[in-house]
Amino acid sequence: VFMKNCMFIDNISIKAGAIFMRNVFISFFISCQFINNAARMKPNRKTPDSNCRLMCNGGSVYMIGGFSFFHSSYFYNNQAGSGGAGISAYKCQVMYFHLCDFSSNNGLWRGTLDIKAQQVHLTQCVFFSNFAIRGSSALVNGNKLVSFYRCKFKANKVKQSGTLYVGFCNIVNIVMCV
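All figures in this text were calculated on a predicted structure; none of them were measured in a lab.

### What about the pairing of strand 8 (residues 61-64)?
Stage number 1. Neither face of strand 8 is exposed, since Val-61 and Met-63 on one face and Tyr-62 and Ile-64 on the opposite face are all buried.
Stage number 2. Looking at chain direction, strand 4 (residues 19-22) and strand 8 are connected through four bridges and run parallel. Of the residues in strand 8, the one forming a bridge with Arg-22 is Ile-64.

If you want it as structure tokens, here you go:
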């Protein structure tokens, strides 16, 4: 799958407000925008739905399996009743994020990212003003290799677990982040 200069705006679903991908071998998202998408039970609600904590993942994107590359993509004001208002990913092999902007996303359990993959690499990404009621703003959990390089975290708000939660990983590299 190759997407370039695509816009996903004001989409709502119980799972994956904009895109649901399952076992797609490789996917590229170049300069895509994900704005005001939501994964929630009740389409008319303006806030995450607490009844959704096990199902409503991936406010913009929900992925199972595969290799994914996001370059210069923008995730703004997305919501998830559970995890990953920007992206929720499980059982993926490798995920790369380069020059991506995650701003004003909110999730009940895990804010912007909820990623479980073999490898996760984020370079020069910005996390600004994201919110999570429970969990962290960005959660990367149960991965073999995680790297953050020159990423910026500013004005994110969480009630527990910190802005960035990295857990159950074999190797973690966090370099020159502010």
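### Things to note about the sheet that holds strand 16 (residues 126-128)
Stage number 1. Here we have six strands laid out as an open sheet, ordered 2-6-10-13-16-20, and parallel in their pairing. Edge positions in the sheet fall to strand 2 (7-9) and strand 20 (152-154), since each has one partner strand and no second. Neighbour-to-neighbour, the strand axes of the sheet open up by a mean angle of 5 degrees, direction not taken into account.
Stage number 2. Bridge analysis of strand 16 against strand 20 gives three bridges, and the strand direction is parallel. Residue pairing in the sheet places Val-126 in a bridge with Lys-152 of strand 20.

### Description of a nonpolar patch on the surface
Stage number 1. Side chains of Phe-25, Ile-26 and Phe-67 sit close together on the surface and give an oily, nonpolar patch of about 290 Å² of accessible area.
Stage number 2. Mapped onto the elements of the fold, Phe-67 is located in strand 9 (residues 67-71).
Stage number 3. On the basis of relative accessible area, Phe-67 is assigned to the partly exposed category, the value being 30%.

### Examining the packing of aromatic side chains
Stage number 1. Summed over all chains, the structure comprises 18 aromatic pairs.
Stage number 2. Seen in terms of ring centroids, Phe-70 and Phe-97 are 5.1 Å apart; in terms of plane orientation they differ by 10 degrees. Their pairing is stacked. Residue Phe-70 is found in strand 9, and its partner Phe-97 is found in strand 12 (residues 87-98); the two are separated by 27 residues along the sequence. Each member of the pair Phe-70 and Phe-97 is classed as buried.

### Section: unusual backbone geometry
Stage number 1. For Ser-72, which is not glycine, the phi dihedral falls at a positive 50 degrees.
Stage number 2. With respect to the helices, strands and loops of the structure, Ser-72 is situated in the loop between strand 9 and strand 10 (74-76).
Stage number 3. Even without a glycine there, the phi angle at Ser-129 is positive, about 55 degrees.
Stage number 4. Looking at the secondary structure, you find Ser-129 in the loop between strand 16 and strand 17 (131-132).
Stage number 5. The partly exposed category is assigned to Ser-129, whose relative accessible area is 27%.

### Examining the sheet that holds strand 21 (residues 157-158)
Stage number 1. A sheet is described by the order of its strands in space; here six strands give the open sequence 3-7-11-14-17-21, paired in parallel fashion. The sheet terminates laterally at strand 3 (12-13) and strand 21, the two strands that pair on one side only.

### Remarks on the environment of Cys-92
Stage number 1. Mapped onto the elements of the fold, Cys-92 is located in strand 12.
Stage number 2. Owing to a relative accessible area of 1%, Cys-92 belongs among the buried residues under this scheme.
Stage number 3. Each C-alpha atom, one on Cys-92 and one on Phe-67, is 6.3 Å from the other, the two residues being 25 residues apart in sequence.
Stage number 4. Those residues in contact with Cys-92, other than ones at most four positions away along the chain, are Met-63, Ile-64, Gly-65, Gly-66, Lys-116, Ala-117 and Gln-118.

Thresholds applied
Residues numbered from 1 in each chain as written. Predicted model: local features only at pLDDT ≥ 70, side-chain atom pairs only at ≥ 80, totals over all residues. Heavy atoms only, no water. Buried < 20%, exposed > 50% of the residue type's maximum accessible area, 1.4 Å probe, protein only. Helix = DSSP H or I, 4+ residues; strand = E, 2+ residues; numbered from the N terminus. Pairing = 2+ DSSP bridges. Axes fitted to C-alpha atoms, helices over the stretch in contact; angles between N-to-C directions. Patch = residues over 30% accessible without salt bridge, like charges linked within 9 Å, V, L, I, M, F, W, Y side chains within 5 Å. Areas by Shrake-Rupley, 256 points an atom, 1.4 Å probe, with all protein chains shown as cover. Salt bridge = Lys/Arg side-chain N within 4 Å of Asp/Glu carboxyl O. Phe/Tyr/Trp six-rings, centres within 6.5 Å; stacked < 30°, edge-to-face > 60°. Contact = heavy atoms within 4.5 Å.

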